[in-house]
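In case you want the letters, here they are:
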Amino acid sequence: MTSLTPLALDGSPVDGAAYRDVTRLAAHAPGWLDDAVSAWSAYGLTVFAALMVVAWWRARRSGPTAALAALAVPVVVVVAYALNDVLKLLVREDRPCRSLHVATLEACPAPGDWSFPSNHAAIAAAATVALLFVSRRLGAVAVPAACAMGASRVWVGAHYPHDVVAGLLTGAVVGALLMAVVRRWPRRLTDRLTVTRLRLLLVA
């Protein structure tokens, strides 16, 4: 009988040894550390969502143009996530926990839940870069948070290091390109929006 499981790429030759070293370290780490990293890996993206809300709230005081740029941040993140997911479908790299058969902190995803690039890393990087366009202070907070998110995905065993690096690069590039476009939005666009129901979102 022919298997219905799609053919998958094995990414272990790239940095499988480094992945094993990290997961081995995680296996011998104190329980509190593993719990903290696992919690950050699972729920850390909510911090970026909170930073987006704060950025928008502050931007409203600077005027409708700044507020509109802040509102574009979550849209940029969604686009980055979508493009990253397309890359996953194109590359189709199997999860390292499945290829290397190692015990991991996070349950190994089912076959077909591809590994390259990391969605968590892409979302974190896109949010960070987009926030830097709106508020350097909030963006500076997001930078170490994004690095920690990427590292946590390897620590819990969900991704190879190269998955995380690729995800960070994808998110950062998409975030920079789209926010550069947002910066060039004509002033008349915001002027038109401020006389609509969206005024409440643009003006403090």
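Residues numbered from 1 in each chain as written. Predicted model: local features only at pLDDT ≥ 70, side-chain atom pairs only at ≥ 80, totals over all residues. Heavy atoms only, no water.

Just to check I follow, could you spell out the overall build of the chain for this structure?
If you tally the helices and strands in the chain, you get 10 helices and zero strands. When the 204 residues of the chain are sorted by exposure, 43% land in the buried category. Across the chain, contacts joining residues at least 24 apart in sequence account for 81% of those joining residues at least 6 apart. (Helix = DSSP H or I, 4+ residues; strand = E, 2+ residues; numbered from the N terminus. Buried < 20%, exposed > 50% of the residue type's maximum accessible area, 1.4 Å probe, protein only. Contact = heavy atoms within 4.5 Å.)

Which parts of the structure should I look at to understand the layout of surface pockets?
If you roll a probe as big as a water molecule over the atoms, it shows you where there is empty space left. Looking at the largest pocket, its volume works out to about 150 Å³. Forming the boundary of the largest pocket are 11 residues, of which T65, A66, A69, V182 and R183 lie nearest the centre. Sorting the residues of the lining of the largest pocket by element identifies α4 (64–91), α6 (119–134) and α8 (161–183) as the ones contributing at least two each. Ranked by the residues each element gives to the lining of the largest pocket, the list is headed by α4, at four residues. Along the lines of polarity and charge, the residues of the lining of the largest pocket split into eight nonpolar, two polar and one charged. (1 Å grid on protein atoms, 1.4 Å probe; cavity = no way out; pocket = protein on both sides within 12 Å on 5 of 7 lines; lining within 4 Å. Points joined across faces, edges and corners; volume = space filled by probe spheres on them. Nonpolar A, V, L, I, M, F, W, Y, C, P; charged D, E, K, R; others polar.)

Would you take a moment to explain the state of the cysteines for this structure?
Here, the word disulfide means a covalent bond between the sulfur atoms of two cysteines. Evaluated as defined, the whole model comprises one disulfide. Residue C97 pairs covalently with C108 via a disulfide, S to S 2.3 Å. Between C97 and C108, the disulfide has an S-S torsion of 85 degrees and is therefore right-handed. Placement of C97 in helix α5 (residues 96–99) and of C108 in the loop between α5 and α6 is noted, with a sequence separation of 11 residues between them. Among the residues examined, C97 registers a relative accessible area of 5% and is labelled buried. On the basis of relative accessibility, which here comes to 32%, the residue C108 falls in the partly exposed class. (Disulfide = S-S within 2.5 Å.)

Help me understand unusual backbone geometry in this model?
Of all residues except glycine, most have a negative phi; of all peptide bonds, most are trans. Following F116, the chain continues into P117 via a peptide bond in cis, with omega recorded as -5 degrees. Examined against the element boundaries, P117 turns out to sit in the loop between α5 and α6. The phi torsion at R92 lies on the positive side, around 55 degrees, for a residue other than glycine. Structurally, R92 is set in the loop between α4 and α5. The residue H101 is not glycine, and still its phi comes out positive at about 55 degrees. Summarising the element assignment, H101 is placed in the loop between α5 and α6. On the basis of relative accessible area, H101 is assigned to the exposed category, the value being 68%.

Honestly, the nonpolar core in this entry has me stumped. Any pointers?
Side chains of a nonpolar character, in soluble globular proteins, are inclined to be buried together. In terms of nonpolar packing, the biggest core is built from 24 residues, with F48, M52, V73, V77, L131 and M179 touching the most fellow members. Those elements giving two or more residues to this core turn out to be α3 (45–59), α4, α6, α7 (136–155) and α8. In this view, V73 contacts M52, A127, A130, L131, V134 and M179; residues no more than four positions away in its chain are not counted. (Core = buried A, V, L, I, M, F, W, Y, C linked by side-chain atoms within 4.5 Å.)

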